[in-house]
Amino acid sequence: MALEDPRLFRQLAYVDGCWVYGEGGREEAVFDPATGERLGQVPWLESHQIEAAIASADKAQRAWRLLRADERGELLDAWYRLIRENKEDLAMLMTREQGKTLADARGEVEYGASFIHWFAEEGSRAYGETIPSHIPGAALGTLREPIGVAALITPWNFPLAMITRKAAAALAAGCTVLVKPAGETPFSALALAELAERAGIPAGVFSVITGEAAEVSKQLCDDSRVAALSFTGSTRVGRLLLSQCANSVKRVSLELGGNAPFIVGPDMDPEEAARAAVDAKFQTSGQDCLAANRILVHDSLYEDFLTHFVRLMKQLKVGNGLVSDIDLGPLIHRDAVAKAQTIVDDAVEQGARLIHGDQSMAPGPNFFMPVLLADVTPTMKAWREENFSPVAGVTAWHDEEEVIEMANDTEYGLAAYVYTHDIRRIWQLMRGLRFGMVSVNSVKMTGAPIPFGGVKQSGLGREGGRQGLDEYLDIKYYCLGGLASASGS
Ligand SMILES: NC(=O)c1ccc[n+]([C@@H]2O[C@H](COP(=O)([O-])OP(=O)(O)OC[C@H]3O[C@@H](n4cnc5c(N)ncnc54)[C@H](O)[C@@H]3O)[C@@H](O)[C@H]2O)c1
Ligand SMILES: N[C@@H](CC=O)C(=O)O
């Protein structure tokens, strides 16, 4: 792969500060989803190698947790600067393995780096508290201490930022991490490891384990030296890992699927609303947990909205993300294309109008042309499932009670969008929507300072913000007795 710094393209796992081969000879090939070209491969580590990785993270944790928070912050800041300095190479790696456009990949590098910058500072604010004592002669309070070794399992759709959002918080808190990236996109993770090493992050503190997903995850979940599991991915796999962590009673954080409603009120300009909905739907070709999956438009502007939406989506260019004016890259693989087609077919069979989307125009087998389906109903897969593709489903609503019920009619509860300028309606919707994040009149909602996460089957816990640190800290209560002057104030 043509990079300014070829050493960022690593095809080995990174454990305890060393680049390692798989000792069983197993490996996984990685392909460019736009062209099908084989980019390279990574080893599948064997069980005893995973065991060694856990042992090294456990050992490294003992020294890492003893550093002062500002010392850890300095190392994180060095990592942050290196990531930004190598932005072009990291973006190139990401576009090649994931397929997103180079502009989106550059955006993800900045986004991913911002978590490191944020937590480099936030680590110094892992405050405990003093508790007015009810015990004579005692001083009471809490300390917040690193939980230990954290296993981080991440998806392919945001191959860099989903790692840094977890790792930066964990490392700042004083934990060491074992990252298991998605098999489709290991190279971004391995480039992060190369840069972590250059930043001076000690051996064993940040390791990247490549391997057979179910095997590696099970071993990480079973091992009691791993104190926390943080997973981002599908609700299906999240449920499995949650149950696998039961035996060792781990701290579990889950960032799972979304099925975001995008609600448009009657006071909106239909063109403005359509523009925002197109932005919220088609990022990363719809392979985004925040993608507007169900677009719910007030019936008074429904047809006008559809007209503007279709006009705007026709302007989107689909192709290889390396080409400069492309808006939508490929889907990750053919299964994703097949799933998108199933969702469209199911909707049309059940009476949805296929307003736009001609798959004969797709520039390759992994591409899916943007689709607009009108009159989507709750029995359709387009409503019930996270479609993770450029398929937009639109439905009309009439009153606010009804649209709240429609929006909440899903097992997911990650993010919701509301577009209206009526403050009374904004408040009613904001309170009625059962989602972890509600964005009003803004497509952009995420970033390092906010608590990212969902309710219902979209997950457990929060990432980013000051809350992100809590996932990696234990609270230790202390009672210091026998102190003559400790009681009272
Ligand atoms: N809530 C969020 O912040 C957020 C962010 C990004 C993606 N996601 C979700 O991620 C999903 C898409 O990502 P994906 O397809 O990579 O998810 P996935 O669940 O298939 O895979 C996620 C990770 O789990 C591993 N894995 C897969 N099968 C496994 C198994 N049987 N046992 C153990 N580990 C296994 C994968 O190798 C990968 O590392 C979507 O549902 C999306 O909404 C959520
Ligand atoms: N866009 C999301 C990732 C979801 O897939 C984020 O910002 O974290």
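As annotated in an unreviewed UniProt entry, the chain is NAD-dependent succinate-semialdehyde dehydrogenase from Cobetia crustatorum.

Colleague: So what's going on with the sheet that holds strand β6 (residues 139-146)? Residues and values would help.
Modeller: Spatially, β5-β6-β20 is the arrangement adopted by the three strands of the open sheet, whose pairing is antiparallel. Single-partner strands in this sheet number two, and they are β5 (129-131) and β20 (473-480). Direction aside, neighbouring strands of the sheet carry axes that sit 25° apart on average. Here β6 runs beside β20; their pairing, made up of eight bridges, is antiparallel. Residue pairing in the sheet places Ala139 in a bridge with Leu480 of β20.

Colleague: Run through the site of ligand 1, naming residues and quoting values.
Modeller: The full set close to ligand 1 counts 29 residues, and Thr154, Trp156, Lys180, Ser234 and Glu386 are the nearest of them. In the environment of ligand 1, an oxygen atom lies 2.7 Å from a nitrogen or oxygen atom belonging to the side chain of Lys180. In the environment of ligand 1, a nitrogen atom lies 2.8 Å from a nitrogen or oxygen atom belonging to the backbone of Leu256. For ligand 1, whose unbound accessible area comes to 840 Å², protein coverage reaches 88%. Those elements that provide at least two residues to the shell around ligand 1 are α5 (161-173), α7 (213-222), β10 (226-232) and α8 (235-244). Residues belonging to the shell around ligand 1 are distributed by class as follows: 17 nonpolar, eight polar and four charged. Looking at the shell around ligand 1, you find at least three residues from each of domain 1 (6-256 + 458-476) and domain 2 (260-440).

Colleague: Before we move on, could you go through the packing of helix α2 (residues 69-85) against helix α6 (residues 186-198) and cite the residues and values that matter?
Modeller: Relative placement of two packed helices is described by the angle separating their axes and the distance separating the axes. Running from N to C, α2 and α6 point in directions that differ by 130°, and their axes come no closer than 9 Å. Considering the angle they form, α2 stands oblique to α6. Crossing handedness for the pair α2 and α6: right-handed. Here Trp79, Leu82 and Ile83 of α2 come into contact with α6, specifically with Leu192, Leu195, Ala196 and Arg198. The class makeup of the residues in the contact of α2 with α6 is six nonpolar, no polar and one charged.

Colleague: Can you break down the environment of Ile54 residue by residue, with the values?
Modeller: Positionally, Ile54 belongs in helix α1 (residues 47-64). Judged by its relative accessible area of 0%, Ile54 falls in the buried class. Considering only alpha carbons, one finds Ile54 and Val177, 123 residues apart in sequence, at a separation of 9.1 Å. The residues touching Ile54, leaving out its near neighbours within four places in the chain, are Leu178, Gln219, Leu220, Asp223, Arg225 and Val226.

Colleague: Which residues make up the sheet that holds strand β12 (residues 260-264), and what are the values?
Modeller: The seven strands are arranged β14-β15-β16-β13-β12-β17-β18 in an open sheet whose pairing can be described as mixed. Every other strand in the sheet has two partners, leaving β14 (353-356) and β18 (437-440) as the edge strands with one partner each. For this sheet the average axis-to-axis angle between neighbouring strands, irrespective of direction, equals 25°. The sheet contact formed by β12 and strand β17 (residues 415-419) spans three bridges and is parallel. Bridge pairing links Phe262 to Tyr417 in β17.

Colleague: Can you break down unusual backbone geometry residue by residue, with the values?
Modeller: Despite not being glycine, Ser285 has its phi angle at roughly 55°, a positive value. Counting through the fold element by element, Ser285 comes out in the loop between α9 (270-282) and β13 (292-298). Taking the relative accessible area as the measure of exposure, Ser285 reaches 4% and is therefore buried. One non-glycine residue, Lys456, lies in positive phi territory at about 50°. Mapped onto the elements, Lys456 comes out in the loop between β18 and β19 (459-460). Classification of Lys456 by relative accessible area gives partly exposed; the value is 27%.

Colleague: I'd like a rundown of the pattern of salt bridges, residues and numbers included.
Modeller: Under the definition given, this model contains 37 salt bridges. The partner of Glu110 in a salt bridge is Lys87, and the shortest N-O contact between them spans 3.0 Å. Here the residue Glu110 occupies a position in helix α4 (residues 102-122), and Lys87 occupies one in helix α3 (residues 87-98), the gap between them amounting to 23 residues. A relative accessible area of 25% places Glu110 in the partly exposed class. Put simply, Arg425 and Asp422 hold a salt bridge, and the shortest N to O gap is 3.6 Å. Exposure remark for Arg425: the relative accessible area of 10% places this residue in the buried category. Given the relative accessible area of 24%, Asp422 is considered partly exposed.

Parameters at a glance
Residues numbered from 1 in each chain as written. Chains lettered and ligands numbered in written order. Predicted model: local features only at pLDDT ≥ 70, side-chain atom pairs only at ≥ 80, totals over all residues. Heavy atoms only, no water. Pairing = 2+ DSSP bridges. Helix = DSSP H or I, 4+ residues; strand = E, 2+ residues; numbered from the N terminus. Axes fitted to C-alpha atoms, helices over the stretch in contact; angles between N-to-C directions. Near = heavy atom within 4 Å. Polar contact = N/O pair within 3.5 Å; in protein donor to acceptor, adjacent residues only side chain to side chain. Areas by Shrake-Rupley, 256 points an atom, 1.4 Å probe, with all protein chains shown as cover. Nonpolar A, V, L, I, M, F, W, Y, C, P; charged D, E, K, R; others polar. Domains from an automatic or database assignment. Parallel < 35°, antiparallel > 145°, perpendicular 65-115°, else oblique. Left-handed = near helix turned anticlockwise from the far one by under 90°. Contact = heavy atoms within 4.5 Å. Buried < 20%, exposed > 50% of the residue type's maximum accessible area, 1.4 Å probe, protein only. Salt bridge = Lys/Arg side-chain N within 4 Å of Asp/Glu carboxyl O.

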